[in-house]
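Summary of the model geometry
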Amino acid sequence: MMIRKLFSRSVVCLAACAALTCAVAQEEAQDTAVENAEAVAEPQPGSSQIFHPLVMVARIQGVCEVLNPDIGSFTPAINGKAYPLGTVVRTGIASAAVLSFSAQDTVSLGADTEVVADRCTKNQDARVLRIVAGSAVFELRDNLPEGSFTIETANAVCHNVVGRGEYRVYKDGDSDVFQAATITGSARLVGPNYNIPALRAANTVNIMTAPNRALSRMTSVSGDFIIVLDKGLEEPVEYAMSPKAVVKIWRENAPVGGRTIISTLVVSPNGIAQHRFAYAEGRSDIATGELVTPEEDEIEMPVLLSDKPKKDGDDKDDAVEPKPADEN
């Protein structure tokens, strides 16, 4: 009986030691993998690259999956692993992850977010983050060279992104909404038939695009900035946007020739029209527009009494006598 107890205790001890050894080995392997990933991601000494040659996925909370272009299917992301550029990263409900493009340039992904981390086709050292859906908070260097980082969405592109900013892509009914907020940094936003030369600190713009892109609506949420509106072959219109100011752009194909007709309306924060114009793309001779002023919106009331001197016999014409009431 004593021998059986000693044997059982020995077996338990051996199992515990084996489990502990396995756990330590797994932890060491994970640490080694993270170190190897960081070593691979870091630029080589003497390199002129601004960012890592790969993108690292770290600080994973909840569900995070990656679509490696070399594999072709989504797999669970490995915390601290570096993936090739062109990889799709998506988070699940109540999940988060951080993308590291360099030791100083990171992007924090919120829940239900899908992005593509890639390189710029024209500049292999530059980086592009395509936001398909969800939210992303950027922590980039303020002194990045011009053209180093770009944010792309289906309906607008932000160039020369630096500093801190928060960008969201979501649905409002059937419409696509892109909200760009620069916290301490800046960006240049370009969309169809318009552009914003500089979104600076504390500037936020909300851009709604209809499913068929027949309508774009830009609303200033916070801060003051300039929006440049195309007028075909003429000089563009510049308008100073302030909170609650709205720009609407309608697009329609002409029934004859199929040329796109663009109509634009600019509304001030207090709801008064400021600019309205229309033009046909590629036709400078087909354009119309006007600057609306408050005086033009005033309605002239009709003159009820004439101020001309009266002549003999004009009393009947100047006034209308009321009809006597019917006597019962």
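The rules behind these values
- The numbers attached to residues start from 1 for each chain and follow its sequence in the written order.
- Residue-level local features of this predicted model are given only where pLDDT is at least 70; pairs of side-chain atoms are given and counted only at 80 or more, and the full residue set underlies all totals for whole chains, interfaces and linings.
- Note: side-chain values were computed over all heavy atoms of the structure, leaving out hydrogens and water.
- Segments assigned H or I by DSSP are reported as helices when at least four residues long, segments assigned E as strands when at least two residues long, and all are numbered from the N terminus.
- Accessibility here uses a 1.4 Å probe with only protein chains present; expressed as a share of the type maximum, an area under 20% marks a residue as buried, one over 50% as exposed, and anything in between as partly exposed.
- A pair of strands is labelled paired if DSSP reports no fewer than 2 bridges between them.
- A pair is scored as a salt bridge if a Lys or Arg side-chain nitrogen falls within 4 Å of a carboxyl oxygen belonging to Asp or Glu.

A word on unusual backbone geometry
Even without glycine at this site, Asn-193 takes up a positive phi of about 75°. Here Asn-193 lies in the loop between strand E14 (186–191) and strand E15 (194–199). Since its relative accessible area comes to 12%, Asn-193 is described here as buried.

A word on the pairing of E15
The pairing of E14 with E15 spans 4 bridges and is classified as antiparallel. Bridge pairing links Val-190 to Asn-195 in E15. What sits between the antiparallel neighbours E14 and E15 is a turn of 2 residues, in which Asn-193 has the positive phi angle 75°. Bridge analysis of E15 against strand E18 (residues 225–229) gives 2 bridges, and the strand direction is antiparallel. Note on E18: the bridge partner recorded for Tyr-194 is Leu-229.

Here we look at the pattern of salt bridges
Going through the model one piece at a time under the given rule, you end up with 6 salt bridges. Taking the shortest distance from any N to any O, the salt bridge between Arg-90 and Glu-65 comes out at 2.8 Å. In this pair, Arg-90 sits in strand E5 (residues 87–91) while Glu-65 sits in strand E2 (residues 64–67), placing the two residues 25 residues apart along the sequence. The exposure class assigned to Glu-65 is partly exposed, which follows from its relative accessible area of 24%. Beyond isolated ion pairs, a larger network of salt bridges with shared partners links Asp-118, Arg-130 and Glu-152.

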